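Overview (structure and organization)
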Amino acid sequence: MTSESAAGSTDQYTFQNPVTRFESISPPTDQIEEHGLEADMEVQADRGETSYRGTGRLTGRKALVTGADSGIGAAVAIAFAREGADVAISYLPEEEEDAQVVKKIIEAEGRIAACLPGDLRDPAYCISLVQQSVDALGGLDILVNNAGKQQAVEAFEDLTDEQLDDTYKTNIYSFFRVTKEALKHLQPGSAVINTTSIQAYQPSPTLVDYASTKAAINNFTKGLAQQLAPKGIRVNAVAPGPIWTPLQPSGGQPAEDLPEFGKDTPLGRAGQPTELAPAYVFLASSESSYVLGETLNVNGGMPSP
Ligand code: NAD
Ligand code: MG
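Notes on the structure in this doc start here. Model, not experiment: these values are computed from the prediction. (Residues numbered from 1 in each chain as written. Chains lettered and ligands numbered in written order. Predicted model: local features only at pLDDT ≥ 70, side-chain atom pairs only at ≥ 80, totals over all residues. Heavy atoms only, no water.)

What to know about the site of ligand 1
Of all residues adjacent to ligand 1, which total 31 residues, the nearest are Asp69, Ser70, Glu95, Tyr210 and Thr245. Take Gly71: an N or O atom from its main chain is 3.4 Å from an oxygen atom of ligand 1. Protein contacts shield 97% of the accessible area of ligand 1, which totals 790 Å² for the unbound molecule. If you list the elements that add at least two residues to the shell around ligand 1, you get helix H1 (71-82) and helix H5 (208-228). (Near = heavy atom within 4 Å. Polar contact = N/O pair within 3.5 Å; in protein donor to acceptor, adjacent residues only side chain to side chain. Areas by Shrake-Rupley, 256 points an atom, 1.4 Å probe, with all protein chains shown as cover. Helix = DSSP H or I, 4+ residues; strand = E, 2+ residues; numbered from the N terminus.)

Shown next as structure tokens:
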């Protein structure tokens, strides 16, 4: 149950010290189950519910965000709605409770929130998700490929073929499939944003399957960006560092590492999901019209290429 909250109270434009904007959390070693809910986390994350302030940067836009029930995807969906966009949200059916919370926040902004549950490992869902989004929103001009599977495995010999398959299908195959389908609808001016990770360059020994998909996402981003540039569709990526989301206490980290999560960054603390949102807003909006194939690192200061 919830015993602590990392929620900040000031908006993202308030002058403040990044070291102390959010407290340095020390989560307990308790694990929740994979695809666990925000409410199951002992320390609640900040997705900008009470703090993210929109300034009309995505007025009238239509966005599909995968993995938008929780964590970074939820923070992005909330920010997009506050910036004036209607949002379709994709998530696994067992995460319906989290999705409903996000839907309420988006609707409170007077925006459409289309809840479209399904399993991105399934090619048929990747296709129907796009069509359902277009039907619900009346079009599509922002795609955020953000869903991800991360399960730490100590010994390579114990990495099952099933996990390898699931990690690749969720983290990279679905990015290909959803983007390909979305291209039928994306007009010049549209943006595709892929969530990669610091793990693309600094793989943890316990995350070889996951980290290698993140390297693939960076490469996918740079290749596809060049192909779609002449069509006026920009493709970019965001690479988060250690961010407090349900992914981490649900097997994403060895349990004994949780209390120290994020403390080895130069800022000395884990990031909160809402701290990622402005990067996605920037890459989605036309203000980044000359930014293509870029990976924006949002990681508390960890050196990255
Ligand atoms: P999260 O668990 O809150 O979000 C991940 C979401 O992915 C889930 O909520 C779920 O809806 C979705 N998902 C997983 N498997 C799916 C499937 N088979 N079908 C449909 N949806 C599925 O965690 P998060 O940390 O916000 O993760 C979002 C993205 O950020 C992921 O791509 C993750 O790899 C990346 N990332 C996270 C961190 C971090 O420290 N939290 C760091 C770097 C990158
Ligand atoms: Mg979730």
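Some words on the pairing of strand E4 (residues 86-91)
Counting buried positions along E4 yields six of six residues, so the element is predominantly enclosed. Burial along E4 is two-sided: Asp86, Ala88 and Ser90 and Val87, Ile89 and Tyr91, pointing in opposite directions, are all buried. Sheet topology note: the strand E3 (residues 62-66)/E4 ladder contains five bridges and is parallel. Bridging from a neighbouring strand, Leu64 pairs with Ala88 of E4. Between the parallel elements E3 and E4, the chain passes through H1 in a crossover that is right-handed. In terms of strand pairing, E4 meets strand E5 (residues 113-117) through five bridges, oriented parallel. Across the sheet, residue Ile89 finds its bridge partner in E5, namely Cys115. In this view, the connection linking E4 to its parallel neighbour E5 by way of helix H2 (residues 96-108) has right-handed handedness. (Buried < 20%, exposed > 50% of the residue type's maximum accessible area, 1.4 Å probe, protein only. Pairing = 2+ DSSP bridges. Right-handed = clockwise from strand over helix to strand, strands pointing away.)

Re the coordination of the magnesium ion (ligand 2)
Within the first shell, the magnesium ion (ligand 2) binds the protein through Asp69 (OD), Ser70 (OG) and Glu95 (OE), at distances of 2.1 to 2.4 Å. Here the donor residues of the magnesium ion (ligand 2) share one chain and are spaced in sequence as D-S-x24-E. One end of the pair, Ser70, is in the loop between E3 and H1; the other, Glu95, is in the loop between E4 and H2, and 25 residues separate them in sequence. For Ser70, a relative accessible area of 12% gives the class buried. (Donors = N, O, S within 2.8 Å, 3.2 Å for Na, K, Ca; no water.)

Some thoughts on empty space enclosed by the protein
Take a probe with the size of a water molecule and roll it over the atoms, and the empty space left behind shows itself. Following the criterion strictly, the structure yields one cavity of 30 Å³ or more and no others. Looking at the largest cavity, the residues that line it are Val153, Ala155, Phe156, Leu159, Gln163, Thr206, Val208 and Asp209. Each residue belonging to the lining of the largest cavity can be placed in one class, and the counts come to five nonpolar, two polar and one charged. (1 Å grid on protein atoms, 1.4 Å probe; cavity = no way out; pocket = protein on both sides within 12 Å on 5 of 7 lines; lining within 4 Å. Points joined across faces, edges and corners; volume = space filled by probe spheres on them. Nonpolar A, V, L, I, M, F, W, Y, C, P; charged D, E, K, R; others polar.)

Considering the pattern of salt bridges
For the structure shown, the criterion picks out 14 salt bridges. Ionic contacts of the salt-bridge type, sharing partners, join the residues Glu38, Arg47 and Glu49 into one network. (Salt bridge = Lys/Arg side-chain N within 4 Å of Asp/Glu carboxyl O.)

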